[in-house]
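# Coordinate inspection notes
Read off the chains here:
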Amino acid sequence: MRIISWNVNGLRACIKKGFLDFLSASNADVLAIQEVRAFRHQLDPAALEPPGYTSHLVSAERPGYSGVGIYTRQQPDRIETSLGIDEFDSEGRCIIVRFGRTTLINAYFPKGSGANRDNSRVPYKLSFYDALYRKMQTARKRGPVFVMGDYNTAHQEIDLARPKTNHRNSGFLPEERDVLDRWIKNGWSDTFRIQHPEAPGHYTWWLQWGGARANNVGWRIDYIFASPSAQRKVSNAFIMPEITGSDHCPVGIDTGS
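Residues numbered from 1 in each chain as written. Predicted model: local features only at pLDDT ≥ 70, side-chain atom pairs only at ≥ 80, totals over all residues. Heavy atoms only, no water.

### Some thoughts on the layout of surface pockets
In this approach the atoms are scanned with a rolling probe the size of a water molecule, which exposes any empty space left behind. The space that makes up the largest pocket amounts to roughly 1,200 Å³. If you go around the largest pocket, you meet 44 residues; those closest to its centre are Lys111, Ser113, Arg117, Trp205 and Leu207. Every element with two or more residues in the lining of the largest pocket is listed here: strand E10 (205-206) and strand E11 (218-219). Grouping the constituent residues of the lining of the largest pocket by class yields 14 nonpolar, 19 polar and 11 charged. (1 Å grid on protein atoms, 1.4 Å probe; cavity = no way out; pocket = protein on both sides within 12 Å on 5 of 7 lines; lining within 4 Å. Points joined across faces, edges and corners; volume = space filled by probe spheres on them. Helix = DSSP H or I, 4+ residues; strand = E, 2+ residues; numbered from the N terminus. Nonpolar A, V, L, I, M, F, W, Y, C, P; charged D, E, K, R; others polar.)

### As for the nonpolar core
A general feature of soluble globular proteins is that nonpolar side chains tend to end up buried together. Grouped together as the largest cluster of nonpolar side chains are 26 residues, with contacts concentrated most on Ile3, Leu104, Phe146, Met148, Ile224 and Ile253. Sorting the residues of this core by element identifies strand E2 (30-34), strand E4 (68-72), strand E6 (94-99), strand E7 (102-108), strand E8 (145-150), strand E12 (222-226), strand E13 (234-239) and strand E14 (251-255) as the ones contributing at least two each. Setting aside residues up to four positions removed in sequence, isoleucine 3 forms contacts with Val30, Leu104, Phe146, Met148, Ile224, Val251, Gly252 and Ile253. Formed by 24 residues, the second largest nonpolar core is a distinct cluster that contains Leu83, Phe109, Ala131 and Trp183. (Core = buried A, V, L, I, M, F, W, Y, C linked by side-chain atoms within 4.5 Å. Buried < 20%, exposed > 50% of the residue type's maximum accessible area, 1.4 Å probe, protein only. Contact = heavy atoms within 4.5 Å.)

### Looking at the packing of aromatic side chains
Applying the stated rule across the entire model yields 17 aromatic pairs. With 5.3 Å between their ring centres and 85° between their planes, phenylalanine 88 and phenylalanine 128 make a pair best called edge-to-face. Here phenylalanine 88 is found in helix H4 (residues 86-89), whereas its partner phenylalanine 128 is found in helix H5 (residues 122-140), with 40 residues between them in sequence. Assigned by exposure class, phenylalanine 88 and phenylalanine 128 land together as buried. (Phe/Tyr/Trp six-rings, centres within 6.5 Å; stacked < 30°, edge-to-face > 60°.)

### Describing the sheet that holds E4
Reading across the sheet, the 6 strands line up as E3-E4-E2-E1-E14-E13 and stay open at both edges, with mixed pairing between neighbours. Each edge of the open sheet is held by one strand with a lone partner, namely strand E3 (54-58) and E13. Each strand of the sheet is rotated relative to its neighbour by a mean of 15°, with strand direction disregarded. As defined by bridge partners, E2 adjoins E4 across 5 bridges and the pair is classed as antiparallel. Residue pairing for E4: glutamine 34 is matched across the bridge by valine 68. (Pairing = 2+ DSSP bridges. Axes fitted to C-alpha atoms, helices over the stretch in contact; angles between N-to-C directions.)

### Focus on the environment of alanine 131
Inspection of the secondary structure puts alanine 131 in helix H5. Separated by 43 residues in the primary sequence, alanine 131 and phenylalanine 88 have C-alpha atoms spaced 9.1 Å apart. Residue contacts for alanine 131: discarding those within four places in its chain leaves Leu83, Ile85 and Phe88.

### Quick notes on the pairing of E7
Counting buried residues along E7, 7 of its 7 residues qualify, which places the element largely inside the surrounding structure. Side-chain alternation along E7 places Thr102, Leu104, Asn106 and Tyr108 on one buried face and Thr103, Ile105 and Ala107 on a second face that is also buried. Bridging between E6 and E7 involves 6 bridges; their strand directions are antiparallel. Considered in E7, the bridge of valine 97 is made with leucine 104. Between the end of E6 and the start of E7, which pair antiparallel, lie 2 residues, with glycine 100 showing a positive phi angle near 60°. Pairing of E7 with E8, which is carried by 6 bridges, proceeds in the parallel orientation. Of the residues in E8, the one forming a bridge with isoleucine 105 is valine 147. You can see the chain leave E7, run along H5 and come back into E8, and the turn it takes is right-handed. (Right-handed = clockwise from strand over helix to strand, strands pointing away.)

### What about the packing of H5 against helix H6 (residues 174-185)?
The relative placement of two packed helices is expressed as an angle between their axes plus a distance between the axes. In the contact formed by H5 and H6, the axes pass within 10 Å of each other and the chain directions differ by 10°. Overall, the two elements H5 and H6 adopt an arrangement that is roughly parallel. Mapping the contact onto sequence places Val122, Lys125, Leu126, Tyr129, Tyr133 and Met136 in H5 and Glu175, Glu176, Val179, Leu180 and Trp183 in H6. (Parallel < 35°, antiparallel > 145°, perpendicular 65-115°, else oblique.)

Take a look at the structure:
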């Protein structure tokens with residue numbers, strides 16, 4: 001199975017920049033997307049049912065904001081679109097699908113910076129991490145679990161180009177990074193870093209100005225985390241910086257049986 005995750009920064013805009021061509025050429029069995037920023041009725045049939053795929057979308061209540069989706073070759077055995085907490089569900093931040101014993105969780109983790117860039121939304125962000133973690137731990141009891149999405153946190157200094165100037169900014173705050181430390185301590189793994197433990201310069205998001213992408217001044221904030229039984233299935237983990245159409249690039253894994 002090939003699983004790919006991509007923050008498309010607005011699905012309608014990304015479609016105009018080649019999203020459907022990418023999907024067709026990706027060989028993905030599952031493509032999870034974040035920041036859809038559209039309601040289902042606003043999307044063309046070609047975007048909802050591209051050849052060989054079915055789609056499932058979760059929208060925010062607020063128009064043009066947040067939202068997640070998932071394209072699958074095989075119809076999932078089960079689909080959940082709620083964490084059961086209104087403050088998160090109203091923002092359309094999570095979709096969970098099951099194939100047999102394997103669970104895939106696609107999440108668009110909140111930013112903590114707030115409208116005034118004062119880190120005012122960090123408590124909301126951390127609460128979302130906690131709520132999702134409870135879902136992850138429950139799913140882990142049933143079988144392998146993969147958790148993919150835009151985490152909006154760079155875990156270690158190797159995961160962003162300029163760590164020294166970002167220690168006080170949401171996305172690289174100690175309390176945000178500590179969450180991922182705890183997950184790893186409790187057996188979850190960052191699939192890309194497992195295979196590329198010392199490799200710097202691998203980023204998934206870049207500012208859209210100042211030549212950040214061209215100069216590779218970026219952040220690695222898009223991940224696929226795996227439970228222990230899921231990690232054992234991973235044969236390859238990769239980032240696709242050559243794919244444009246968004247300020248993020250896709251990340252993915254290949255798994256065996």
